[in-house]
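Examination of the molecular architecture
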Amino acid sequence: MSSEFKLKSIVRSNIWNLQPYSSARSEFDLYGSGKNNLTLLDANENPKGDLNRYPDPMQSLIKEELAKQKNLPANQIFVGNGSDEAIDLLYRIFCEPGKDRVITCPPTYGMYEVSAAINNIEVVKIDLGKSFELDLDGIMKSAAFTNAKLLWICSPNNPTGNALLKADLKHDWQAQNYTRGGMMDMPFAPEFEAEMLNNQRKLDQLFGAFKGIVVVDEAYHDFTEHISFINRLEDYPNLVVLQTMSKAYGLAGARVGFAFASPEIIELFNRTKPPYNVNELSQRAVLEALLQTEKTENEIKEIVINREFLAAHLNSFDFIKKVYPSEANFLLAQVDQATDVYNYLRDNDVIIRNRSSQIADTLRFTVGTRRECEEVIKTLRTFKKN
Ligand SMILES: *Cc1c(COP(=O)(O)O)cnc(C)c1O
């Protein structure tokens, strides 16, 4: 399959040759050890205070908890200052400025292009199809496919809301069937069997043929019913999966995101990142949030219910032509006079996102509380078309 993937051949040579940064403390296991009677005179800190110590550069407690929850070893996890840090690091690890190129599939998340511009990397764009589906043929036939270093796939995609790539339909089927009280090994309908095999073949082709890294950005994964690409890391050595605390976990202000990949790729992240890239306050907040699984699950359920509520109401306005199906915590809508509607909402203190520059006449609504959904609906009721 993708056994011929050669990591070294696609990593920038200066990065490949880097020595990992080592603090005096990282030479022994301080943070995970539970030792707290040490005399710490190595880092020029003030001996007093609550935030007087440098944070754990390897975020061991977070990784330990994530490893349990995601069912993979801690050395396959990178914790970053938002997934935006992981995005930037992927450029810095793999892409030679002024020389290399990457593939994106617009309309999609803006940071892939922003980071490319900062790192002076060419972006080759293979647009999504009419229903915002991934143009896999177009990607694989493009001239860039043979030498691009990164392929960015956001799934569920921002701002379209749909899943672009599915990790394993068989697993999806089993998991969904099981939650509905069925058997884990419920037999498949023949047409589903064909779809499942077809999905598998497509993934094998894509990951096998691409010589660079396929990045699957799962920022909105918590809102879907599909299983995560984390489950395919063993099959695809050139896969990097991104997730974040910024959306479902309500910690956008803490700036913490994750990359999941092979131990070899994560080691490159560790060498390249700033030593103390995630601050102490954020590490504490993340650990606490990760332990409150029930609270988060309930919030996600509520957002999904509100999403369907908001979609139904948006559909009832004659100037809203279409609300796209969403597996995320936002809705994209095709709207007559989109910019007028956007301005009208803004003038009435309701801030949404005008996506018309990316996709003609579209607005993106984040799904908030029930009251916030009602507020946007109420305000839209008073909008007068020209
Ligand atoms: C919001 C978002 C992120 C999250 O970025 P953070 O830096 O972790 O806040 C990543 N990818 C996509 C597609 C997003 O929409």
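Up top you'll find the structure we're talking about.
Residues numbered from 1 in each chain as written. Predicted model: local features only at pLDDT ≥ 70, side-chain atom pairs only at ≥ 80, totals over all residues. Heavy atoms only, no water.

Bringing unusual backbone geometry into the picture now. Residues P106 and P107 are joined by a peptide bond in cis, for which omega reads 0°. With respect to the helices and strands, P107 occurs in the loop between β2 (101-104) and α5 (111-118). Of note, the bond from S155 into P156 is cis; its omega dihedral lies within 30 degrees of zero at -5°. With a phi close to 60°, N44 is a non-glycine residue in the positive phi region. With respect to the helices and strands, the residue N44 is situated in the loop between α2 (13-16) and α3 (60-70). (Helix = DSSP H or I, 4+ residues; strand = E, 2+ residues; numbered from the N terminus.)

Here the structure, examined in full by the defined rule, presents three cavities of 30 Å³ or more. Reported here for the largest cavity is a volume of approximately 80 Å³. Taken together, S155, P156, A163, L165, K166, A167, E218, H221, T224, H226, I227 and F229 form the lining of the largest cavity. A breakdown of the residues in the lining of the largest cavity according to their chemical character gives six nonpolar, four polar and two charged. (1 Å grid on protein atoms, 1.4 Å probe; cavity = no way out; pocket = protein on both sides within 12 Å on 5 of 7 lines; lining within 4 Å. Points joined across faces, edges and corners; volume = space filled by probe spheres on them. Nonpolar A, V, L, I, M, F, W, Y, C, P; charged D, E, K, R; others polar.)

With respect to the helices and strands, N119 occurs in the loop between α5 and β3 (122-125). Looking at N119, the relative accessible area reads 13%, which means it is buried. Engagement of the side chain of N119 in a polar contact is seen with the side chain of D88, the distance being 3.1 Å. Dropping the residues within four chain positions of it, N119 is found in contact with D88, Y91, R92 and P97. (Buried < 20%, exposed > 50% of the residue type's maximum accessible area, 1.4 Å probe, protein only. Polar contact = N/O pair within 3.5 Å; in protein donor to acceptor, adjacent residues only side chain to side chain. Contact = heavy atoms within 4.5 Å.)

Moving on, we get to the site of the ligand. Contacts to the ligand come from 14 residues, most closely from S83, Y220, T244, S246 and K247. D217 places a side-chain nitrogen or oxygen 2.7 Å from a nitrogen atom of the ligand. Within the side chain of K247, a nitrogen or oxygen atom sits 3.2 Å from an oxygen atom of the ligand. In isolation the ligand offers 390 Å² of accessible surface; the protein chains occlude 94% of this area. Taken together, the residues of the shell around the ligand break down into five nonpolar, five polar and four charged. (Near = heavy atom within 4 Å. Areas by Shrake-Rupley, 256 points an atom, 1.4 Å probe, with all protein chains shown as cover.)

Let us now look at the sheet that holds β2. Within the open sheet, the seven strands sit side by side as β1-β7-β6-β5-β4-β2-β3. Their pairing is mixed. Each having just a single partner strand, β1 (77-80) and β3 make up the two edges of the open sheet. Here the average twist between neighbouring strands, direction ignored, is 25°. Across two bridges, β2 lies against strand β4 (residues 150-154) in parallel orientation. Counted as the bridge partner of V102 is L150 from β4. (Pairing = 2+ DSSP bridges. Axes fitted to C-alpha atoms, helices over the stretch in contact; angles between N-to-C directions.)

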